[in-house]
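An overview of the molecular structure
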Amino acid sequence: RAGSTENERGAGAGSRARIPTVFVGRCDGLKQFTFDYGALSHPEQYRKSKEALLDYIRVEYDEGDAVAESILSGAPIYPTKPSDPPAGASRTDQEIWKREVERYVNVR
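Residues numbered from 1 in each chain as written. Predicted model: local features only at pLDDT ≥ 70, side-chain atom pairs only at ≥ 80, totals over all residues. Heavy atoms only, no water.

For the chain, the mean per-residue pLDDT works out to 77, and 72% of the residues sit at or above 70. Across the chain, the element-wise mean pLDDT spans from 45 in strand 1 (residues 4-12) up to 91 in helix 3 (residues 91-107). Contacts from residues 1-11, a stretch scored under 50 in pLDDT, to residues over four places away or in other chains number 27 contacts. (pLDDT = per-residue confidence, 0-100. Helix = DSSP H or I, 4+ residues; strand = E, 2+ residues; numbered from the N terminus. Contact = heavy atoms within 4.5 Å.)

For the rest of this paragraph, the subject is the environment of Ala66. In this structure, Ala66 sits in helix 2 (residues 64-73). It is 9.7 Å that separates the C-alpha atoms of Ala66 and Val107, two residues lying 41 residues apart in sequence.

This structure, assessed with the given rule, holds one aromatic pair. Each ring, one from Tyr56 and one from Tyr61, has its centre 6.4 Å from the other, and the planes form 75 degrees; the classification is edge-to-face. (Phe/Tyr/Trp six-rings, centres within 6.5 Å; stacked < 30°, edge-to-face > 60°.)

Turning next to the environment of Val105. Among the structural elements, Val105 can be located in helix 3. By relative accessible area, which is 54% here, Val105 ends up exposed. As a C-alpha pair, Val105 and Lys81 span 24 residues in sequence and 8.8 Å in three-dimensional space. (Buried < 20%, exposed > 50% of the residue type's maximum accessible area, 1.4 Å probe, protein only.)

For the structure shown, the criterion picks out three salt bridges. A salt bridge links Arg103 to Glu63; the nearest nitrogen and oxygen atoms lie 2.9 Å apart. Residue Arg103 is located in helix 3, and its partner Glu63 is located in the loop between helix 1 (43-60) and helix 2; the two are separated by 40 residues in the primary sequence. Note on Arg103: relative accessible area 43%, which makes it partly exposed. In this structure, Glu95 and Arg99 form a salt bridge, with 3.3 Å as the shortest nitrogen-oxygen distance. With a gap of four residues between them, Glu95 and Arg99 both fall in helix 3, about one helical turn apart. (Salt bridge = Lys/Arg side-chain N within 4 Å of Asp/Glu carboxyl O.)

Structure follows, in structure tokens:
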């Protein structure tokens, strides 16, 4: 796997001690953060890395706030389909509706 390292060392035949897989941030803003899969010994590092990743997502991606919330909650993003604008809606309201529809289509 790119960006990760994984090793297994055995003490004898049939015995394997698993060394955690370490994922290191690839982009400049996340290089100093790591995630150790399978290691429970560094909860503070995990918390800091997770917060840094969520902050990065919020800033760098459209709909980043929704994606970060989805990661935190563990629930997928299901956008709400916009209702049609009322008859006689102003041009501004129609434009807002068009952009809401674009957002819905792009996130869905």
